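Residues per chain, in single letters:
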Amino acid sequence: MKATRTIFILAALGIAASAQSNSPSAAEPRFFNLEDAVQHRVDLSDVELAALANDDLMLKQLGSAPAGSKLTQDGLEAAVVHLCGSAERDLVVIGDGAPFIGANVGPFWIIRDLPTGPVVVLGEISLGLTIETKRSNKCLNVEAFAATATAGITTDYSFNGNKYIVSKQKSAKLAQ
């Protein structure tokens, strides 16, 4: 009887532990914006910087950069997130310094580190980015928020298996 109870308790602990390992870490950041520093900041590797350097949004942001210049960590902040599973290392990157920030908006990127190398799967100009709890194609959805002088715009992104695509966009008038 005592052995059966011990086995039951160990099995219950094992199930609870495996359920926790599949959920996002409580310490993992879920909300990103231009006002607050990235928590649990990490440096980008050379291959991650190279992937960013070839992204369309980055090329647009650095349009005035001298030819042949190499992208550096300067003005970029990154944090590790687990979008598609706890065994994968994905990154949210924010352009938080010159030449990235505009009038209260800035660029946000999501990089997935795949076995073939890092891939930029989202590039967006916004005020903030939120990692949602709902999933599409096994990856967490993402929400971006931007604003004009008169309206707030929320854009929902879902993962299509290769990159994040717009799944819904809504606009609401801002109080004047």
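Asker: Please provide a residue-by-residue account of the sheet that holds strand β10 (residues 164–173), values included.
Answerer: A sheet is described by the order of its strands in space; here 5 strands give the open sequence β1-β7-β8-β9-β10, paired in antiparallel fashion. Each having just a single partner strand, β1 (31–33) and β10 make up the two edges of the open sheet. In this sheet, neighbouring strand axes are inclined to one another by 25° on average, regardless of whether the strands run parallel or antiparallel. Direction of pairing for β1 relative to strand β7 (residues 128–136): antiparallel, over a ladder of 3 bridges. Looking across to β7, one finds that Asn33 is bridged to Gly128.

Asker: Kindly report on the environment of Asn160, identifying the contributing residues and their values.
Answerer: Looking at the element boundaries, Asn160 is found in the loop between β9 (151–159) and β10. For Asn160, a relative accessible area of 34% corresponds to the partly exposed category. Residues Asn160 and Lys138, spaced 22 residues apart in sequence, show a C-alpha to C-alpha distance of 9.5 Å. Each residue touching Asn160, except ones within four places of it in the same chain, is listed here: Asn137 and Ile165. A polar side-chain atom of Asn160 sits 2.8 Å from the main-chain amide nitrogen of Asn162. One polar contact links the side chain of Asn160 to the main-chain amide nitrogen of Lys163, over a distance of 2.9 Å.

Asker: Give me the sheet that holds strand β2 (residues 41–42): which residues, what numbers.
Answerer: Judged by pairing direction, the sheet is antiparallel, and its 5 strands sit side by side in the order β2-β3-β4-β5-β6 without closing on themselves. With one partner strand each, in any of the chains shown, β2 and β6 (117–126) form the two edges of the open sheet. The pairing of strand β4 (residues 90–95) with strand β5 (residues 106–114) spans 5 bridges and is classified as antiparallel. Bridge pairing links Asp90 to Arg112 in β5.

Asker: Before we move on, can you summarise the pattern of salt bridges with the specific residues and values?
Answerer: Considering all chains together, one arrives at 6 salt bridges under this definition. Of the charged contacts, one joins Asp113 and Arg89 as a salt bridge, the two residues approaching to 2.9 Å between their closest N and O atoms. Of the two residues, Asp113 sits in strand β5 while Arg89 sits in the loop between β3 (76–81) and β4, which places them 24 residues apart along the sequence. Asp113 gets classed as partly exposed once you look at its relative accessible area, which sits at 22%. Asp90 is the salt-bridge partner of Arg112, the closest N and O atoms lying 3.4 Å from each other. Pair noted here: Arg112 is in strand β5 and Asp90 is in strand β4, with a separation of 22 residues, a long-range link. Just as Arg112 is buried, Asp90 falls in that class too. Here the salt bridges do not stand alone but share partners, grouping Glu48, Arg89 and Asp113 into one network.

Criteria and thresholds
Counting restarts for each chain, with residues numbered from 1 along the sequence as it is written. Per-residue local features of the predicted model are confined to residues with pLDDT of at least 70, and side-chain atom pairs are confined, for both listing and counting, to 80 or more; whole-chain, interface and lining totals are unaffected and use all residues. Computation of side-chain values: all heavy atoms of the structure, hydrogens and water removed. We treat two strands as partners when DSSP finds at least two bridges between them. By the criteria applied, helices consist of DSSP H or I runs no shorter than four residues and strands consist of E runs no shorter than two, each listed in order from the N terminus. Axis geometry follows a simple rule: fit a line to the C-alpha atoms, using only the stretch in contact for helices, then measure angles between N-to-C directions, giving values from 0 to 180 degrees. Relative accessibility under 20% of the residue-type maximum defines a buried residue, over 50% an exposed one, and the middle range a partly exposed one, all with a 1.4 Å probe and only protein chains included. Contact definition: two residues touch when any of their heavy atoms are within 4.5 Å. Polar contact is defined as a pair of N or O atoms within 3.5 Å, subject to the rule that within protein one atom must be able to donate a hydrogen and the other to accept it, and that residues adjacent in sequence are counted only when both atoms are side-chain atoms. Salt bridge criterion: a side-chain nitrogen from Lys or Arg within 4 Å of a carboxyl oxygen from Asp or Glu.

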